[in-house]
Amino acid sequence: METLSAVLAIVAGVGAAAIVVARLLAPVVPAAAAAGRAVVSLRGPLTLAVAAVATAGSLYFSESAGYVPCRLCWFQRVAMYPIAVIALVALIRRDRGARWYVLPLAVIGAAISSYHVLIEWGWVNDSESCLLFGPSCADVWFEAFGFVTLALMAWAGFVSIIVLNTVSFDAVDLEENP
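To start, this report covers the structure provided alongside it.

## Quick notes on the nonpolar core
Then comes step 1: Core analysis: the biggest nonpolar cluster contains 14 residues, and Ala51, Met80, Ile83, Ala106, Phe158, Ile161 and Ile162 have the highest contact counts within it.
Then comes step 2: Among the secondary structure elements, those contributing two or more residues to this core are helix 3 (43–64), helix 4 (71–93), helix 5 (99–120) and helix 7 (150–166).
Then comes step 3: With residues up to four places along the chain from it excluded, the contact list for alanine 106 reads Ile83, Phe158, Ile161 and Ile162.
Then comes step 4: Counting 13 residues, the second largest nonpolar core, distinct from the first, contains Phe61, Phe142, Ala151 and Leu152.

This is the structure:
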């Protein structure tokens, strides 16, 4: 399950990067604009898919695999779980404005995940406060492909949700048809 989750996180990260590249190329490469518009038209279902998979994955790792979440993992869950619920309700209600409710949670989650990755990789020291509430935030339960940890998977999920819900290809339409 660790490898599958790591692959999904890499796909989410690469997908987010591809959307950004498509947006940068859109004014000069019509195929990039068309591909970007196609992906962004699925922003609601894709946001739900990323958040639901991240939520299910975190529950699997803690409840089935026995990985005890650290303090920062809990904070990341607090940001991700509501995104899944908001995205589901938005999809059912066809609410295109829900992304504005999702974005603050995703930005907060990405910031926490970024900090957690820096701790796991040893670039920032773990504070002793993590040990008061469970395992150290520097503990790495597993590392797939030599760099993908649980915190990096959460970061990839949050970043992909941010990109899906902020990058727009609307201006490309205006540039093509003034």
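Additional details are given in the paragraphs that follow.
## Re the side chain of glutamate 120
Then comes step 1: Looking at the element boundaries, glutamate 120 is found in helix 5.
Then comes step 2: No salt bridge is formed by the buried glutamate 120; its nearest oppositely charged neighbour, arginine 77, is found at 12 Å.
Then comes step 3: The contacts of glutamate 120, once residues within four sequence positions are left out, are Cys137, Ala138, Asp139, Val140, Thr149 and Ala151.

## Re helix 4
Then comes step 1: When the terminal C-alpha atoms of helix 4 are compared, their 34 Å separation across 23 residues agrees well with the 33 Å that a helix rising 1.5 Å per residue should span.
Then comes step 2: Buried residues belonging to helix 4 abut helix 3, helix 5 and helix 7.
Then comes step 3: Count one or two residues on from helix 4 and you reach arginine 94, which has phi positive near 55°.

Thresholds, definitions, all that
- Residues numbered from 1 in each chain as written.
- Predicted model: local features only at pLDDT ≥ 70, side-chain atom pairs only at ≥ 80, totals over all residues.
- Heavy atoms only, no water.
- Core = buried A, V, L, I, M, F, W, Y, C linked by side-chain atoms within 4.5 Å.
- Buried < 20%, exposed > 50% of the residue type's maximum accessible area, 1.4 Å probe, protein only.
- Helix = DSSP H or I, 4+ residues; strand = E, 2+ residues; numbered from the N terminus.
- Contact = heavy atoms within 4.5 Å.
- Lys, Arg positive; Asp, Glu negative; His and termini not counted.
- Salt bridge = Lys/Arg side-chain N within 4 Å of Asp/Glu carboxyl O.
- Expected span 1.5 Å × (residues − 1).

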